[in-house]
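Architecture and fold: a report
In case you want the letters, here they are:
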Amino acid sequence: MLSSSDGKRQATLVALGNYKNKLTWVSRDGISVSFEDGVLIATRGYSQDLMESNHENLNNLLNFSSKTRNKTYRYLNGQNEYEDIKFSCSISVKKNTTSQILDLRLKTTELTEVCKSKKNSHTNLYYLLPGTKIVLKSKQWISQNNGYIFCYNYYAFQNDLF
């Protein structure tokens, strides 16, 4: 499930495709979001789409093996040209955080990613199943115009992880 940051807009998504740990979900009205291992990498159907993102050491983010990293978000501007925003991010991890997902209270690992560029900054939050790279829920920034989305990974519950 996907929710706007104000909670007023929500959508249930269905899996559209999965290729090399990149999973695309689509809503009934055609909005899609793509993730790589639970990290947002692209959107379609928003006013300012994240066309693609390039993550330095994405695998290290979910393994907690790095305290800093760089990433680049790519957008289309008003002239239909690419505009890249380069972010420098710091990462912190807090283990044994209690999270509410559906009617379950679970111990999770909270990963906070604080990112800054020349003009923008944002803070992404990821709640992972301890000992895994499975993102159960997250708050992730799309763009300046769209702000954050909240993602709830109910898909993770189909694999008898609990």
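Shown above is the structure to which this text applies.
A brief report on the enclosed structure follows. Computed from a predicted structure; not experimentally measured.

Conventions we followed
Residues numbered from 1 in each chain as written. Predicted model: local features only at pLDDT ≥ 70, side-chain atom pairs only at ≥ 80, totals over all residues. Heavy atoms only, no water. Disulfide = S-S within 2.5 Å. Helix = DSSP H or I, 4+ residues; strand = E, 2+ residues; numbered from the N terminus. Buried < 20%, exposed > 50% of the residue type's maximum accessible area, 1.4 Å probe, protein only. Core = buried A, V, L, I, M, F, W, Y, C linked by side-chain atoms within 4.5 Å. Contact = heavy atoms within 4.5 Å. Salt bridge = Lys/Arg side-chain N within 4 Å of Asp/Glu carboxyl O.

Let's shift gears to the state of the cysteines. Throughout the structure, instances matching the rule amount to one disulfide. Covalently, C89 is tied to C115 through a disulfide, its sulfur atoms 2.2 Å apart. Classification of the bridge connecting C89 and C115 rests on its S-S torsion, roughly 110 degrees, and on that basis the disulfide is right-handed. Here C89 is found in strand β9 (residues 82-101), whereas its partner C115 is found in strand β10 (residues 104-116), with 26 residues between them in sequence. For the pair C89 and C115, a shared accessibility class is recorded, and that class is buried.

On to the nonpolar core, then. One finds V33, L40 and F87 to be the most contacted residues of the largest nonpolar core, which totals 18 residues. Among the secondary structure elements, those contributing two or more residues to this core are β4 (22-26), β5 (32-36), β8 (68-76), β9, β12 (135-143) and β13 (147-152). Once residues within four sequence positions are removed from consideration, F87 is found in contact with R69, N70, K71, Y73, C115, K116, S117, N120, H122 and W141. Counting residues in each nonpolar core, the second largest holds nine residues, with V39, L58, L61 and V135 among its members.

Let us now look at the pattern of salt bridges. Counted by the stated rule, this structure contains five salt bridges. With a closest N to O distance of 3.2 Å, E113 and K71 form a salt bridge. Taken together, the residues span a long stretch of sequence, with E113 in strand β10 and K71 in strand β8 at a distance of 42 residues. Overall, the relative accessible area of 0% leaves E113 in the buried class. Exposure remark for K71: the relative accessible area of 1% places this residue in the buried category. One salt-bridge network, held together by shared partners, links E52, R74 and D84.

So, on to unusual backbone geometry. Generally, phi is negative for residues other than glycine and the peptide bonds are trans, each holding for most cases. Even without glycine at this site, K20 takes up a positive phi of about 50 degrees. Locating K20 in the fold gives a position in the loop between β3 (14-19) and β4. Owing to a relative accessible area of 63%, K20 belongs among the exposed residues under this scheme. The phi dihedral of N96 falls on the positive side, at around 60 degrees, and the residue is not glycine. Looking at the secondary structure, you find N96 in strand β9. N96 sits in the exposed class, given a relative accessible area of 56%.

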